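One-letter residues, chain by chain:
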Number of protein chains: 2
Amino acid sequence: MNPNRDPAPSLKEACVQAAREVIAEQGVERLSMRDVARKLDISHQAPYRHFESRDHLLAEIMSRCFADFAQHLDERPRTGDPQADLESMGHAYLNYARHKPLEYRLMFGTPWPEPAQHPALVQHAVHAFNLLRDSLRAMHGHHPQQHAQADRQAMFIWSTLHGMASITQADVMQHLNLAAGVERALPADLMARIGLGLGLPESVPRAAPTPKPKRKPRT
Amino acid sequence: MNPNRDPAPSLKEACVQAAREVIAEQGVERLSMRDVARKLDISHQAPYRHFESRDHLLAEIMSRCFADFAQHLDERPRTGDPQADLESMGHAYLNYARHKPLEYRLMFGTPWPEPAQHPALVQHAVHAFNLLRDSLRAMHGHHPQQHAQADRQAMFIWSTLHGMASITQADVMQHLNLAAGVERALPADLMARIGLGLGLPESVPRAAPTPKPKRKPRT
């Protein structure tokens, strides 16, 4: 065993950790049970005690990413104003993608292992989407006849956020020669335009984020 | 040589074609000069006559994808109405992503080979973005002081389209249990919301695409 590795975690946890390292170092396509075993200096058969296959191990890692992502979205501070809370969810989404690019790519940029075999993965992924859907349903007052509207809005919001999260990491970005100040202002501008696209009031794109004056209590 | 392969194209073209096949079959991560040579049944050194390295070959393929993509966007029918032409560009974008997922992923989902080494790749990619940017500048009347506004709008549009193109191919989609009719209506709904997000007039999200009556000439 590698002496620098914490000896406490179970073999199952050690396999998950080693697999994450393989993914980070070589990409998810190269992940194999053999690599995991080699990294842990254990027999090739040992990881199979906890994971039926490489896909089961990958599904476990993806499930955990979705759970972590949902928790990140869910634990942001709330104001009780559905519109402000939706905007803060958008910022939380972009922050997650920026700070955890590996996890983000695993969730949304990697072909899933056969979903029928991995119900926990599906469940965690759908739960993350439902945080967004439920926020929108709350804005519409939870009327079932508004569910299609909430779903269309959710798909619009998710598309826009996912697109921004992906594009700003794409190599082409640095060559576009965007006008001064545009790149810095992108998240705030995007949130304002999402508000407009939803048909929400008071969503005016701002030229650049400026220090906000403290909000006065509404009179 | 594989007898089924067209013997006419030059070795350079044959390498490009073989590399595309390797990418389609095994993913871009597995692309190697050795694989290309093996596929063409030529010596390992032969591809190097035309491409300095695997990255040069990949950059050539990516450049061609961007050129093809830009041509697809550019040759759509135009009406002369900037707003309608912007919407048709959006549909052309989504169509390309749907019908050429491999090319789409190569352009926007694959780390680029070191751009400084591949100026043609950068040039073709920026050209594709400029089609969008120029359409927006045309709407603003080409005033330089409006360039930042056009760039913010371009990034919003691109984010939304790229997000939709990526999400609708993601495995999670089929598990979201969207309300009836929502998925089919997504492209039209998205275009309408993009219009709203740009602050354009007459952009009202439609519940579902309905057959349009023939447009009357304006009086």
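Notes on the structure follow. On a predicted model such as this, the values are computed, not experimentally measured, just so you know.

What counts, and where the lines are drawn
Residues numbered from 1 in each chain as written. Chains lettered and ligands numbered in written order. Predicted model: local features only at pLDDT ≥ 70, side-chain atom pairs only at ≥ 80, totals over all residues. Heavy atoms only, no water. Helix = DSSP H or I, 4+ residues; strand = E, 2+ residues; numbered from the N terminus. Buried < 20%, exposed > 50% of the residue type's maximum accessible area, 1.4 Å probe, protein only. Contact = heavy atoms within 4.5 Å. Buried area = accessible area lost by both parts, 1.4 Å probe. Salt bridge = Lys/Arg side-chain N within 4 Å of Asp/Glu carboxyl O. Polar contact = N/O pair within 3.5 Å; in protein donor to acceptor, adjacent residues only side chain to side chain. Least-squares fit on C-alpha atoms with pLDDT ≥ 70 in both. Phe/Tyr/Trp six-rings, centres within 6.5 Å; stacked < 30°, edge-to-face > 60°.

Observations concerning the side chain of S166(A)
Piece 1. Along the chain, S166(A) falls in helix α7 (residues 147-167).
Piece 2. Accessibility expressed as a relative area gives 18% for S166(A), which makes it buried.
Piece 3. Each residue touching S166(A), except ones within four places of it in the same chain, is listed here: Y104(A) and H162(B).

Some points on the interface of chain A and chain B
Piece 1. On the chain B side, the residues contacting the 45 residues of chain A number 45 residues.
Piece 2. Across the chain A/chain B interface, buried area totals approximately 4100 Å², and carbon plus sulfur atoms make up 69% of it.
Piece 3. In terms of surface lost to chain B, no three residues of chain A exceed R152(A), M155(A) and R193(A), which account for 17% of the buried area on that side.
Piece 4. Taken together, the connections running from chain A to chain B amount to two salt bridges.
Piece 5. A salt bridge links R152(A) to D189(B); the shortest N-O distance between them is 3.6 Å.
Piece 6. Linking chain A with chain B are eleven residue pairs in polar contact (both at pLDDT 80 or more).

What to know about the pattern of salt bridges
Residue and element names in this part refer to chain B.
Piece 1. With the rule as written, the count across this model stands at 24 salt bridges over all chains.
Piece 2. In this structure, the salt-bridge partner of R64 is E13, at a minimum N-O distance of 2.8 Å. Here R64, found in helix α3 (residues 54-74), pairs with E13, found in helix α1 (residues 11-26); they are 51 residues apart in sequence, far enough to count as distant.
Piece 3. Owing to a relative accessible area of 28%, R64 belongs among the partly exposed residues under this scheme.
Piece 4. With its nearest N and O atoms 2.7 Å apart, the salt bridge here joins D189 to R193. Here the residue D189 and the residue R193 both occupy positions in helix α8 (residues 182-198), the gap between them amounting to four residues, near one helical turn. The exposure classification of D189 matches that of R193, with both residues buried.

Considerations on the relation of the copies chain A and chain B
Piece 1. Least-squares fitting of chain A to chain B yields an RMSD of 0.0 Å, with the transformation described by 0.0 Å of translation along the axis and a rotation of 180°. Look at the turn and shift together and you get a two-fold axis relating the two.
Piece 2. Comparing contact sets, 100% of the residues at the interface of chain A also lie at the interface in chain B, consistent with an isologous, same-surface contact.

Quick look at the packing of aromatic side chains
When we look at a pair of aromatic rings, we describe it by the centre distance and by the angle of the planes.
Piece 1. Tallied over the entire structure, the rule returns 18 aromatic pairs over all chains.
Piece 2. Pairing F129(B) with W158(B) gives two aromatic rings, centres 5.6 Å apart and planes at 55°, and the pair type is tilted. Here the residue F129(B) occupies a position in helix α6 (residues 119-139), and W158(B) occupies one in helix α7 (residues 147-167), the gap between them amounting to 29 residues.
Piece 3. Among the aromatic residues, those joined into a cluster by ring pairs are F66(A), F69(A), Y93(A), Y96(A), Y104(A), F108(A), W112(A), F129(A) and W158(A).

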